[in-house]
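Residue-level structure breakdown
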Amino acid sequence: QQPHLPPARLLNATELVSHWTVVFEKRGIPEARESSEYIVAHVLGAKTFQSLRPGLWTQPLTPWQLQYVQELSSYRLQRMPVQYILGEWDFQGLSLKMAPPVFIPRPETEELVEWVLEEVTQGPHVVGAQGGPLILEVGCGSGAISLSLLSKLPQSRVIAVDKGEAAICLAHENAQRLRLQDRIRIIPFDVTLEGSWAHLLPWGPVDLVVSNPPYVFHRDMEKLAPEILSYEDPLALDGGEEGMDIITHILALAPRLLKDAGSIFLEVDSRHPELVGSWLQSQPDLSLNLVAVRRDFCGRPRFLHIRRCGP
Ligand code: GLN
């Protein structure tokens, strides 16, 4: 039974996209057209509908292909994010495998990566000058940030940690898939648990800590889209009462892992620059200074550069 398909006639790609766009719109599925375009393109072996050979737009799909589109679209009707449906997603030009419940990298996180790259390659303090920077990523998820830094900084090495087992496995897979496994150590680790962190330093103290931690204010969790709430690991999102639980753990731990004058780059909520600034002032022993705040493409202050100013 195929309740959503019109009468038995082989549709072409353009007709199929229009058909599923209407079905998705009627069911209130966000980004109806984009979703159907991604699904149809994927079934035809392309990444985007626009990149399909124009000949394929009007060629009828085979019954098997129609069936496959139907199946993938039924996941979208259940609000599954398109990244999980396709099983892969591009980040900073890298194709990464995606699988629930591992956090899907967001477009604004590409801006965090670009900022780190700018600082490393042309910042006033060139970090890790000899041999390229040594980087620690806290909460690596699928490995998006770590792997894109590795691919753009050929001399760099990364320690990537996450507390989620699924994330650790997926980050490993992505590192292999991109042949970057030799310059990355992926380690299960929970920053909120007291305990040994010495094993995070197989190559000694790091030049940079980078993280897109869970920072959603707990009371805002229920406002997240069903795509997020039903499929992504809440541990990658929920930052506690003021979204600061993991951020403060990272900041408290970082000085023990960072070289003198090392830097921390964080993605945060737009309310956090102020909150983190005052928290740091209340913790002078950490010797950390908030040195710069950057805005995202929507103009919200979302990225922090914190520097260790040495004892
Ligand atoms: N901005 C993210 C969202 O889409 C939250 C990301 C995070 O907590 N790291 O919900």
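These figures come from a predicted structure and were not determined experimentally. (Residues numbered from 1 in each chain as written. Predicted model: local features only at pLDDT ≥ 70, side-chain atom pairs only at ≥ 80, totals over all residues.)

**A few points about the pairing of strand β8 (residues 288–295)**
Both faces of the sheet carry side chains from a regular strand, because those side chains alternate between them. Examined bridge by bridge, β8 and strand β9 (residues 301–308) share seven bridges and lie antiparallel to one another. Note on β9: the bridge partner recorded for Arg294 is Phe303. Between β8 and β9, which pair antiparallel and follow one another directly, the connecting turn spans five residues, one of which, Gly299, has a positive phi of 85°. (Pairing = 2+ DSSP bridges. Helix = DSSP H or I, 4+ residues; strand = E, 2+ residues; numbered from the N terminus.)

**A few points about the environment of Leu117**
Here Leu117 is to be found in helix α6 (residues 107–122). What makes Leu117 partly exposed here is the crowd of 16 C-beta atoms within 10 Å. A sequence separation of 149 residues divides Leu117 from Leu266, and the C-alpha atoms of the two residues are 14 Å apart. (Buried ≥ 20, exposed ≤ 12 C-beta atoms within 10 Å, placed from the backbone.)

**Re the pairing of strand β4 (residues 157–162)**
Most of β4 is tucked away: six of the six residues are buried. Because side chains alternate across β4, one face comprises the buried residues Arg157, Ile159 and Val161, and the other comprises Val158, Ala160 and Asp162, equally buried. Both strand β3 (residues 134–138) and β4 contribute to a ladder of five bridges, which runs parallel. For Ile135, the partnering residue across the bridge sits in β4 and is Val158. Handedness of the β-α-β unit built from β3, helix α7 (residues 144–152) and β4 comes out right-handed. Here β4 pairs with strand β5 (residues 184–188) via five bridges, running parallel. Across the sheet, residue Asp162 finds its bridge partner in β5, namely Pro188. In the classification by handedness, the crossover that spans β4, the intervening helix α8 (residues 165–177) and the parallel β5 is right-handed. (Right-handed = clockwise from strand over helix to strand, strands pointing away.)

**Re the nonpolar core**
Val40, Val206, Val209 and Ile247 are the most contacted members of the largest nonpolar core, which has 76 residues in total. If we skip the residues at most four places from it in the chain, Val209 touches Leu136, Val138, Ile250, Ala254, Leu257, Leu258 and Ile264. (Core = buried A, V, L, I, M, F, W, Y, C linked by C-beta atoms within 7 Å. Contact = placed C-beta atoms within 7 Å.)

**Some words on the confidence of the model for the protein chain**
On average, the protein chain scores 93 in pLDDT, and the residues at 70 or more come to 94%. The complex model carries a pTM of 0.94, and its ipTM stands at 0.94. (pLDDT = per-residue confidence, 0-100.)

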